[in-house]
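# Chain and residue survey
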Amino acid sequence: MKRLILTILVCAGTSPSMAADARAINGAAALAVAGAVAPYSPLLPAVYKKAVEAIFDGHADSPFKDAITITADKIVCRTSNVDITARSCELTFGKSTEKLTGRAANEIYATLAMAGIPSDGAAGSMFESLSKLDCTLDPAALKDKGGGGATCNYEPAN
């Protein structure tokens, strides 16, 4: 089986180490991920949370000149197609974990799905998860309204 996987990776022009590398999200999807995660980060000062909220709300004329970085160690969101009322997310920031349910969890789940984070599922549950999220917002580039200024890198959940 390992030989088959290696063969598929080689034929696809990748290596096993490339398959585990960080992935990138850019543009509008990256801004959405950063905007959805920022309010829950205990690592992000309130003034930066307000700036990210304003930018995500369409007010790109941020007073900040330096890049704003939003990070999370791990995000795991779950919905169910059996118990359709079940929605939850756990966002881990260092030693702190934010547990969300309902609408807040659905917003994070849907944003990750929209951004192209690969889904997973088992026995009536659907998951969106990632690790080592690192988003950067460049206020000057966002102010130019040219489609750039937001990038996120992440690794698949471990």
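Located above this text is the structure these notes cover.
What counts and how
- Residues numbered from 1 in each chain as written.
- Predicted model: local features only at pLDDT ≥ 70, side-chain atom pairs only at ≥ 80, totals over all residues.
- Heavy atoms only, no water.
- Helix = DSSP H or I, 4+ residues; strand = E, 2+ residues; numbered from the N terminus.
- Buried < 20%, exposed > 50% of the residue type's maximum accessible area, 1.4 Å probe, protein only.
- Areas by Shrake-Rupley, 256 points an atom, 1.4 Å probe, with all protein chains shown as cover.
- Disulfide = S-S within 2.5 Å.
- Pairing = 2+ DSSP bridges.
- 1 Å grid on protein atoms, 1.4 Å probe; cavity = no way out; pocket = protein on both sides within 12 Å on 5 of 7 lines; lining within 4 Å.
- Points joined across faces, edges and corners; volume = space filled by probe spheres on them.
- Nonpolar A, V, L, I, M, F, W, Y, C, P; charged D, E, K, R; others polar.
- Expected span 1.5 Å × (residues − 1).
- Arc of directions from axis to C-beta.

### Here we look at the overall build of the protein
Within the protein, the secondary structure is distributed over 6 helices and 7 strands. Helices (α) and strands (β) of the protein occur, in sequence order from the N terminus, as α-α-β-α-α-β-β-β-α-β-β-α-β. Looking at the protein residue by residue over its 158 residues, the buried ones come to 35%. When the accessible surface of the protein is totalled, it reaches about 9,200 Å², and 56% of it is carbon and sulfur.

### Here's the deal with the state of the cysteines
Within the structure shown, the criterion is met by 2 disulfides. In this model cysteine 77 forms its disulfide with cysteine 89; the gap between the sulfur atoms is 2.0 Å. A torsion of 115° about the S-S bond marks the disulfide between cysteine 77 and cysteine 89 as right-handed. Placement of cysteine 77 in strand β2 (residues 68-80) and of cysteine 89 in strand β3 (residues 87-93) is noted, with a sequence separation of 12 residues between them.

### So, the pairing of strand β4 (residues 96-101)
Successive side chains on a regular strand alternate, one facing one side of the sheet and the next facing the other. Bridging between β3 and β4 involves 6 bridges; their strand directions are antiparallel. Residue cysteine 89 lies in a different strand from β4, and its bridge partner there is leucine 100. Between β3 and β4, which follow one another and run antiparallel, lie 2 residues, and glycine 94 among them has a positive phi close to 60°.

### Topic: the layout of surface pockets
Counted as a void, the largest pocket has a volume near 180 Å³. Gly27, Ala28, Leu31, Ile55, Gly58, Ala60, Leu142, Lys145, Gly146, Gly147, Gly148 and Ala150 are the residues that line the largest pocket. For the lining of the largest pocket, the element with the highest residue contribution is helix α3 (residues 27-37), accounting for 3 residues. Along the lines of polarity and charge, the residues of the lining of the largest pocket split into 6 nonpolar, 5 polar and 1 charged. Here the second largest pocket defines a volume of roughly 150 Å³. Elements represented by at least two residues in the lining of the second largest pocket include exactly α3, α4 (46-56) and α5 (102-114). The greatest single-element share of the lining of the second largest pocket, amounting to 4 residues, is contributed by α5. Considering only residue class, the lining of the second largest pocket consists of 6 nonpolar, 2 polar and 3 charged.

### Focus on unusual backbone geometry
One non-glycine residue, alanine 123, adopts positive backbone phi at about 45°. In this structure, alanine 123 sits in the loop between β5 (119-122) and β6 (125-137). On the basis of relative accessible area, alanine 123 is assigned to the exposed category, the value being 84%. Despite not being glycine, lysine 145 shows a phi value in the positive range, around 55°. Along the polypeptide, lysine 145 turns up in the loop between α6 (139-144) and β7 (150-156).

### Quick notes on α5
Counted at 1.5 Å a residue, the expected span for α5 with its 13 residues is 18 Å, and the 18 Å between its end C-alpha atoms agrees. Buried residues of α5: Ala105, Ile108, Tyr109, Thr111 and Leu112, and no others. For α5, the angular spread of buried residues about the axis comes to 165°, placing them on one side. In the stretch just after α5, glycine 116 is the one whose phi turns positive, near 90°.

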